[in-house]
Every structure is written in structure tokens, then in C-alpha cells.
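Chains, contacts and geometry: an overview
Chain by chain, the residues run as shown.
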Amino acid sequence: MQRAYFQLVKSRVEEPRKFIQVLYGPRQVGKTTLIKQVLSAINIPYLFATADDIIGTDSMWLRNLWDRARLLQKKEGREVVLAVDEVQKVQNWSEVVKKEWDMDSFNDIPIKLVILGSSSLLIQQGLTESLSGRFEAVYIDHWSYKEMYDAFGLSLNEYIWFGGYPGAASLISDETRWKRYVKNSLIDTSLSKDILMLTRVDKPALLRRLFEIGCSYSAQILSLTKIQGELMEKGNITTLSNYLSLLETAGLLCGLEKYSGDIIRKRSSKPKFQVFNNALLSAQCEQTFSEALTDGKLWGRFFESAVGTHLLNKSYTEDYDLYYWNENSMEVDYVLQKGSKVVAVEVKSGKDSSNSGMDVFRSKFHPSASFIVGTDGISIEEFLCTNPSDLF
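Per an unreviewed UniProt entry, the chain goes by the name ATP-binding protein and belongs to Candidatus Limisoma faecipullorum.

Looking only at helices and strands, the chain features 17 helices and 12 strands. Taken against the 2.2 N^0.38 rule, which gives 21 Å for 392 residues, the C-alpha radius of gyration of the chain at 22 Å falls within 12% of a compact globule. C-alpha atoms of the chain, sized along the principal axes, occupy 70 × 45 × 45 Å. Taking all 392 residues of the chain together, the buried fraction comes to 52%. Contacts in the chain between residues far apart in sequence, at least 24 positions, make up 72% of those at least 6 positions apart. Working note: accessible area of the chain is about 17700 Å², and carbon and sulfur atoms make up 47% of it.

This part takes up the packing of aromatic side chains. For any pair of aromatic rings, geometry is given as the distance between the ring centres together with the angle between the planes. If you walk through the whole model with that rule in mind, you get 18 aromatic pairs. Between Trp325 and Phe361, the ring centres sit 5.5 Å apart and the planes meet at 65 degrees, which makes this aromatic pair edge-to-face. Taken together, the residues Trp325 in strand E9 (residues 321-327) and Phe361 in helix H16 (residues 356-365) connect sequence positions 36 residues apart. Both residues of the pair, Trp325 and Phe361, belong to the buried class. Put simply, the rings of Trp161, Phe162, Trp178, Phe289, Trp299 and Phe302 touch in pairs and so form one group of aromatic residues. We note Arg17 situated over the ring of Trp101; from NZ or CZ to the ring centre the distance is 3.6 Å. The ring centre of Tyr334 lies 4.2 Å from the NZ or CZ of Lys272, which sits over that ring.

Time to look at the side chain of Asn313. Residue position: Asn313 is located in helix H15 (residues 296-317). Using a relative accessible area of 5% as the deciding quantity, one classes Asn313 as buried. Not counting the four nearest positions on each side in its chain, Asn313 is found in contact with Asp141, His142 and Phe276.

Here the focus is the sheet that holds strand E11 (residues 341-348). Taken together, seven strands build an open sheet; the order of strands is E6-E8-E7-E9-E10-E11-E12 and the sheet is mixed. Two strands close off the open sheet at either side, each with one partner strand: strand E6 (220-221) and strand E12 (369-374). By the bridge criterion, two bridges tie E6 to strand E8 (residues 272-275) in an arrangement that is antiparallel. Across the sheet, the residue bridging to Gln220 is Phe273, located in E8. Of the strands in this sheet, E6, strand E7 (253-258) and E8 touch helix H9 (residues 204-216), which is tilted by about 60 degrees from E7. Helix-sheet contacts for helix H11 (residues 237-249) involve E7 and E8, and the interaxial angle to E7 is about 115 degrees.

This part takes up unusual backbone geometry. For Asp319, which is not glycine, the phi dihedral falls at a positive 60 degrees. Checked against the element boundaries, Asp319 lands in the loop between H15 and E9. If you check the backbone angles, His366 has positive phi at about 50 degrees while not being a glycine. What makes His366 exposed here is its relative accessible area of 62%.

It is worth spelling out H16 at this point. Among all positions in H16, only Gly357, Met358 and Phe361 are buried. With its buried residues spanning 95 degrees around the axis, H16 presents them on a single face. Once H16 finishes, His366 follows within two positions and takes phi at roughly 50 degrees, a positive value.

Take helix H2 (residues 31-41) next. Buried within H2 we find Lys31, Leu34, Ile35, Val38 and Leu39. Seen end-on, H2 carries its buried residues on one side only, within an arc spanning 130 degrees. Buried positions along H2 lie against helix H1 (5-14), strand E1 (20-24), strand E2 (46-50), strand E3 (80-85) and strand E4 (111-117).

Rules behind the numbers
- Residues numbered from 1 in each chain as written.
- Predicted model: local features only at pLDDT ≥ 70, side-chain atom pairs only at ≥ 80, totals over all residues.
- Heavy atoms only, no water.
- Helix = DSSP H or I, 4+ residues; strand = E, 2+ residues; numbered from the N terminus.
- Rg over C-alpha atoms; globule rule 2.2 N^0.38 Å.
- Buried < 20%, exposed > 50% of the residue type's maximum accessible area, 1.4 Å probe, protein only.
- Contact = heavy atoms within 4.5 Å.
- Areas by Shrake-Rupley, 256 points an atom, 1.4 Å probe, with all protein chains shown as cover.
- Phe/Tyr/Trp six-rings, centres within 6.5 Å; stacked < 30°, edge-to-face > 60°.
- Lys NZ or Arg CZ within 6 Å of the ring centre and 35° of its normal.
- Pairing = 2+ DSSP bridges.
- Axes fitted to C-alpha atoms, helices over the stretch in contact; angles between N-to-C directions.
- Arc of directions from axis to C-beta.

Following this line, the structure appears as C-alpha cells:
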């Protein structure tokens, strides 16, 4: 299956050499598969290599790879594509890329460069520090419900529980095996390779525990001060906030801010925890899929979290900001802001669709549109197949 990003990336690779193309995003969302599909579809010679499995990758590996690309270009007598996967594993990768790219530009050597990476933080740091003005970035997000249905036939309820990891889809008939795969191959790998190995973390046990607790509270508002009591190793609020930011850069877990007209209030608000993929929630849940379906309260949490994952992932590609809102006992689950336009979204999985919070929010902030997802509103299936940009 080809994702929607295929045509975009293919057209950019086929354009005359002008910018470095950067594909970044969480692990196991198909970045490598995507670039391999693109390279196979274009009529341009290419060289593909990955730094993911090379121990102690230093900058010389990347320089040698570039020399191979130049040799291929000389042999072919025309433009070639060099694609480097997991480039953030290479020491000082951005400085090497800058030097080699500028050298090719000066000498009119038509090598087009595509780089891929899983750690958003390190990729973005390298781009802004050394490669300003030389690149275009494409964020590759988690798979949507429609993509998982089209590719693997996942039902709506299966998607709500098992989420959108394509590599794990074939294992859902054996839930124990599926949970083990998600924990070991996705969660542990993301934490160890994309955060702990590449970023200074003084308390790795605290980071892991914060992730576990944050996942268990997905789609719920909870102060970092309150969860200190649930942590095996306590840390100050600044440390917890920084660790939550690291988890967000890895495409695992984020803390949504409260919507307010005051930026300072937004930043000082209690976070609403939200996973990027419901698989991260269910893999650590003691209940099984069949048990969750009969537990109204638990399923309601997964229902709301699934809506949150859809809105969160698309906020990275559709250029809007995502918040929540509450005041006393009144709440609006998700608030989208794009420029001067604001959209409110409330999720209802039970029988009662009444919500005084939405009425108060409307009178206070005058959103351009408001929607209920679920009971007496848009069906969750329709909503998960809708581009959130169309809500504005």
C-alpha cells in the first residue's frame, strides 16, 4: 500500500536538485518503506543506506557513503539520489551533510539527497543549526483508521484498541504476542534508541515511569504535581516537563495545554495526556480487547483517546495547534486553533450527549465551529476518516 505521502515525496525527488528532502517522524510508521517505494518508482539511479544497525557510526561512514554516490553519478553520467536512513545516529551528521552538499553544489555534481530519521528533536536540531535554507521537511505521522482499514481490514473497534502500527497488524489475532511486540519492538526501542541513547537523561527510570503513567491517563487531565506520588523515583516538575517533551519528540506521548487567550496561562496549565497511537495505551493495559468492549468506562477512555490521536497526529501535518479546555466542572475535550479560527470538539461515547461545557466555551471564545463526536453527533468512524483541516 502507498500512503498519501508517496506522491508528495516522489514529486520532490523528481524535481531539479534544489533542496535536501527530510522525512522524519516516529518509529514504525513506514518512512523506510515509503522511500523504498519512491526509489523503485523513479527513473533515477540511487544509493540507499541506513545507519540504524551500525555500531559506533561516526562521520567517516557518511563521508564514505557520499563518495560512493559521487562514483555512481560519474559512472551513470546523470543525476543520482542518495537516501540515508536514521541519519541522526551519525555523529555530527548535519555538519557533514552541509559540507558535502555545498561541495556538490559548488562543483555542479547532481546528487539529490533524502535523509530520514526517527528522532524529531535531533533531526530538527541538526537542520536548524547547520542546514538552514537548504532543506524541505516532511513529517510522516502514525497510520490513520482509514489507512489501517484499507491495508489490513481493521474494523473500527479493532483500530480503537490496537491502534495504527502497520508492522503489528498481523499479530492482533494473538493479543498476548501483539502486546509483547509493541512493548519490546516499538516502545522499548523508541525509548532506548530515540531518547536515552541520543539525549542526556539523568533519570531514565523516571522517564519510563512517566511514559507508563501518561499512557494510562491518555485523554485525561492530570497535573504533573499530582502524578509525582505515583512515580517510583520523584523528580521536580521541570524535569518531568522536559521528559514529557522528549516523549513527544519521539511520537509517543504528549501533554496538551489548556486553551486560553493568554499564552502564559496555556504554558502553566495542567497537561492533558495524549498518546500518539492507541496501541501504546492498550499494550500496557491489563484487560484484553474483548474485556474492554464490555467495560463502558474503559472503552469510553479508548474511544476519546482514538479521537485525540487522530487530531494530534494531523496537527503536525495540517498546521494547527491542539488544546483542551476546562473551567470548574465544565470541559471541552479538544480545541483546534489555526490562525484566528478556533474549532471545539467534544467526544461522547455514552448515551448522554448533553454538554454545558460546550455552551460556556461558545459564549466565551466564539469558535468558528463546534462538533460532537459520537452520541448524537458525527460518528467516530466518519470523524476518523475526516481531515481535521476541513473542520475549520
